[in-house]
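Results of the structural survey
Okay, here's what each chain looks like letter by letter:
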Amino acid sequence: MIRALYDWTLRMADHPRALWVLAFVAFIESSVFPIPPDVLMIPMILARPNRAWLIAAVAMIASVVGGLLGYAIGALAYEQVGQPILETLGKSEAMGEFNTRFNDFGFWAVLTAGITPFPYKVITIMSGWTGMPLSTFIITSLIARGLRFFLVAGLLWKFGSPIREFIERRLGLMTVLFVVLLFGGFYLVRYV
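Procedures and definitions
- Residues numbered from 1 in each chain as written.
- Predicted model: local features only at pLDDT ≥ 70, side-chain atom pairs only at ≥ 80, totals over all residues.
- Heavy atoms only, no water.
- Helix = DSSP H or I, 4+ residues; strand = E, 2+ residues; numbered from the N terminus.
- Phe/Tyr/Trp six-rings, centres within 6.5 Å; stacked < 30°, edge-to-face > 60°.
- Buried < 20%, exposed > 50% of the residue type's maximum accessible area, 1.4 Å probe, protein only.
- Core = buried A, V, L, I, M, F, W, Y, C linked by side-chain atoms within 4.5 Å.
- Contact = heavy atoms within 4.5 Å.
- pLDDT = per-residue confidence, 0-100.

Following the sequence through the fold, Ala 62 ends up in helix α4 (residues 52-76). Along the sequence, Ala 62 and Arg 145 sit 83 residues apart, while their C-alpha atoms lie 9.9 Å from each other.

Structure (structure tokens):
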């Protein structure tokens, strides 16, 4: 099923209304859809590099608005909707412990999930479930999703097709390493 969704998403990159499809995919990916909007963004930007910034902006805005749906699912319908989604993703085991510590690291959790391959939908639902302040969630989501989508757009705009393999295979790893180094730096400054 995931492969069929992936293939459908790729086919939509050539659709005449690809920006609307991208907005839809970015919106639902933030709360329930398993395929990230990058799958659409990459071929769209490669086909029309002059629209790279518009494509990134559409993905960012739709993703943050979709994140608000995830937040609402967590806040208003966790047992009925949010918990089954997280169980499907294999994340239900750690919910109790995660809930107690989540808001202590809420800004960093949203930022990390928003720019790394970690499923953003998990954080959007958890943000609502744990009662993270909505303003913190929105601001952090805008920063994180903006960094992620504009970085991809910038790399494709600057380097074109040759950077595609790096983005698809290694950008997630590089971003995770960056976040680990960032947290490590904060830890060293604070405790050393």
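Time to look at the packing of aromatic side chains. A full pass over the atoms with the stated rule returns three aromatic pairs. Pairing Trp 53 with Phe 150 gives two aromatic rings, centres 6.3 Å apart and planes at 10°, and the pair type is stacked. Separated by 97 residues along the polypeptide, Trp 53 in helix α4 and Phe 150 in helix α9 (residues 134-159) bring together distant segments of the chain. For Phe 150, a relative accessible area of 29% puts it in the partly exposed group. Here a set of aromatic residues connected by ring pairs shows up, and it is made of Trp 53, Phe 150 and Trp 157.

A few words now on the nonpolar core. Counting residues in hydrophobic clusters, the biggest one holds 27 residues, and the most contacted among them are Leu 22, Leu 40, Met 41, Met 44, Ile 45 and Ile 55. Elements represented by at least two residues in this core include exactly α2 (18-29), α3 (38-47), α4 and α9. If we skip the residues at most four places from it in the chain, Met 41 touches Leu 22, Ile 55, Ala 56, Ala 59, Phe 149 and Val 152. Judged by nonpolar contacts, the second largest core, of eleven residues, contains Phe 102, Val 110, Ala 113 and Met 132.

Summarising the model, the chain shows a mean pLDDT of 79, and 71% of its residues fall at 70 or more. The least confident element of the chain, judged by mean pLDDT, is helix α11 (residues 171-191) at 56; the most confident is α4 at 94.

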